[in-house]
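# Structure at a glance
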Amino acid sequence: MSHPNNLQVAALTRRMQNANLNLNQVRDVRSSLISVSEIDKAANKWNNCLIGKIIHKDTIEPDDVKKEINIIWRQYKRVEMKVMGRNLFVFKFRNEKDKQEVFKRIPWVINFMLFVLREYDNSIPLENYTFTHHIFSVIFRNLALEHTDDGIIEKMAQDIGQLVEVDGKKCVTIRGRVVTAKILVDLREPLKRGVWIFNAAKQKVWVKYHFEKQPKTTPHCYVIEHDD
């Protein structure tokens, strides 16, 4: 014969199990209010998108952003804009081709402010996007012939940031004494203006770094990102 205490424990256990079952049923009902397929369908409407942040200490009015976008992207019809946060926006394009054309033409500058773009992925939470680095085309000016050596160019690029590679090839173009390189730059650090190096005659010469489409920087320190 079962001990009364055991019967009480068994009864209590059954009540707890039933309570947990009822709680799980409530949770299942709540979690199934909107199905996964419905969420996926809604999310898929936001394909062909870029997410972008304007790097500035002040909040920029969305209407002003939309106005500028309509000008600089005027050849791309029906670009839809959504405000996602302070100076943070998502742009939906008609197709992948339009999106990639805009993305390949970075950097973009709006009213002298840098507009940092990333490809939008709806599986990535907004807080996981970072906008602290950006790719610039940098022109090295006043080079001697010996300065166009691949190793020397790579060292000068490293002085600025990280030399970008596409399909295993370094993004460097050499035209005579002018070299252009695509470099990933930390926006929180001062933009380097140039560097002193020796030439073959053992003279020090100043090689100037020219950033194409350079936005406005903080006077005297050449830092772009003072936002955070």
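Residues numbered from 1 in each chain as written. Predicted model: local features only at pLDDT ≥ 70, side-chain atom pairs only at ≥ 80, totals over all residues. Heavy atoms only, no water.

Attention now moves to the nonpolar core. Core analysis: the largest hydrophobic core is formed by 31 residues, its most contacted members being Phe140, Met156, Ile183 and Tyr209. Of all the secondary-structure elements, those providing two or more residues to this core are strand 1 (49–54), strand 3 (88–92), strand 5 (113–119), strand 6 (133–141), helix 5 (150–160), strand 11 (178–186), strand 12 (194–198) and strand 13 (204–211). Formed by 19 residues, the second largest nonpolar core is a distinct cluster that contains Ile60, Ile69, Val79 and Phe89. (Core = buried A, V, L, I, M, F, W, Y, C linked by side-chain atoms within 4.5 Å. Buried < 20%, exposed > 50% of the residue type's maximum accessible area, 1.4 Å probe, protein only. Helix = DSSP H or I, 4+ residues; strand = E, 2+ residues; numbered from the N terminus.)

Of note, Asp186 is situated in strand 11. In terms of polar contacts, Asp186 uses its side chain to reach the backbone amide nitrogen of Arg188, at 3.0 Å. Contacts of Asp186, omitting those with residues within four sequence positions, involve Thr132 and His133. (Polar contact = N/O pair within 3.5 Å; in protein donor to acceptor, adjacent residues only side chain to side chain. Contact = heavy atoms within 4.5 Å.)

We now examine the layout of surface pockets. Gaps between atoms show up when a probe of the same size as a water molecule is rolled over them. Taken as a whole, the largest pocket spans an internal volume of roughly 370 Å³. As for the largest pocket, its lining consists of 14 residues, and the residues nearest its centre are Phe103, Lys104, Ile106, Ile135 and Val164. Split into classes, the residues belonging to the lining of the largest pocket amount to 7 nonpolar, 3 polar and 4 charged. (1 Å grid on protein atoms, 1.4 Å probe; cavity = no way out; pocket = protein on both sides within 12 Å on 5 of 7 lines; lining within 4 Å. Points joined across faces, edges and corners; volume = space filled by probe spheres on them. Nonpolar A, V, L, I, M, F, W, Y, C, P; charged D, E, K, R; others polar.)

Per the stated rule, a full pass over the model turns up 10 aromatic pairs. With centroids separated by 5.4 Å and ring planes inclined at 85°, the aromatic side chains of Phe140 and Tyr209 adopt a geometry described as edge-to-face. Of the two residues, Phe140 sits in strand 6 while Tyr209 sits in strand 13, which places them 69 residues apart along the sequence. Taking relative accessible area as the criterion, Tyr209 reaches 1% and is therefore assigned buried. One aromatic cluster is present, built from ring pairs that chain together Trp73, Phe89, Phe91, Phe93, Trp108 and Phe115. It is Lys213 that lies over the ring of Trp108; its NZ or CZ is 5.3 Å from the centre. (Phe/Tyr/Trp six-rings, centres within 6.5 Å; stacked < 30°, edge-to-face > 60°. Lys NZ or Arg CZ within 6 Å of the ring centre and 35° of its normal.)

Side chains that carry opposite charge are capable of pairing whenever their charged atoms lie near each other. One pass over the full model with this rule turns up 8 salt bridges. Of the charged contacts in the structure, one is a salt bridge between Lys57 and Asp58, with a shortest N-O distance of 3.5 Å. By relative accessible area, which is 62% here, Lys57 ends up exposed. Measuring nitrogen to oxygen at the nearest pair gives 3.6 Å for the salt bridge that ties Glu165 to Lys170. In this structure, a network of salt bridges that share partners links the residues Glu96, Lys99 and Glu119. (Salt bridge = Lys/Arg side-chain N within 4 Å of Asp/Glu carboxyl O.)

This part takes up unusual backbone geometry. The amide bond that connects Ile106 to the next residue, Pro107, takes the cis arrangement and shows omega of 5°. Along the chain, Pro107 falls in the loop between helix 4 (96–104) and strand 4 (108–110). With a phi angle near 55°, Asn48 is a residue other than glycine that sits in the positive phi range. Relative to the helices and strands, Asn48 is located in the loop between helix 2 (36–44) and strand 1. One non-glycine residue, Asn142, lies in positive phi territory at about 70°. Mapped onto the fold, Asn142 is located in the loop between strand 6 and helix 5.

Right, let's talk about the confidence of the model for the chain for a bit. Summing up the model confidence of the chain, the mean pLDDT is 85 and the portion of residues at 70 or higher is 82%. Least confident of the elements in the chain is helix 1 (residues 4–31), whose mean pLDDT is 50; most confident is strand 3, at 97. Every residue in residues 1–10 scores below 50 in pLDDT, and together they form 1 contact with partners more than four places removed in sequence or on other chains. (pLDDT = per-residue confidence, 0-100.)

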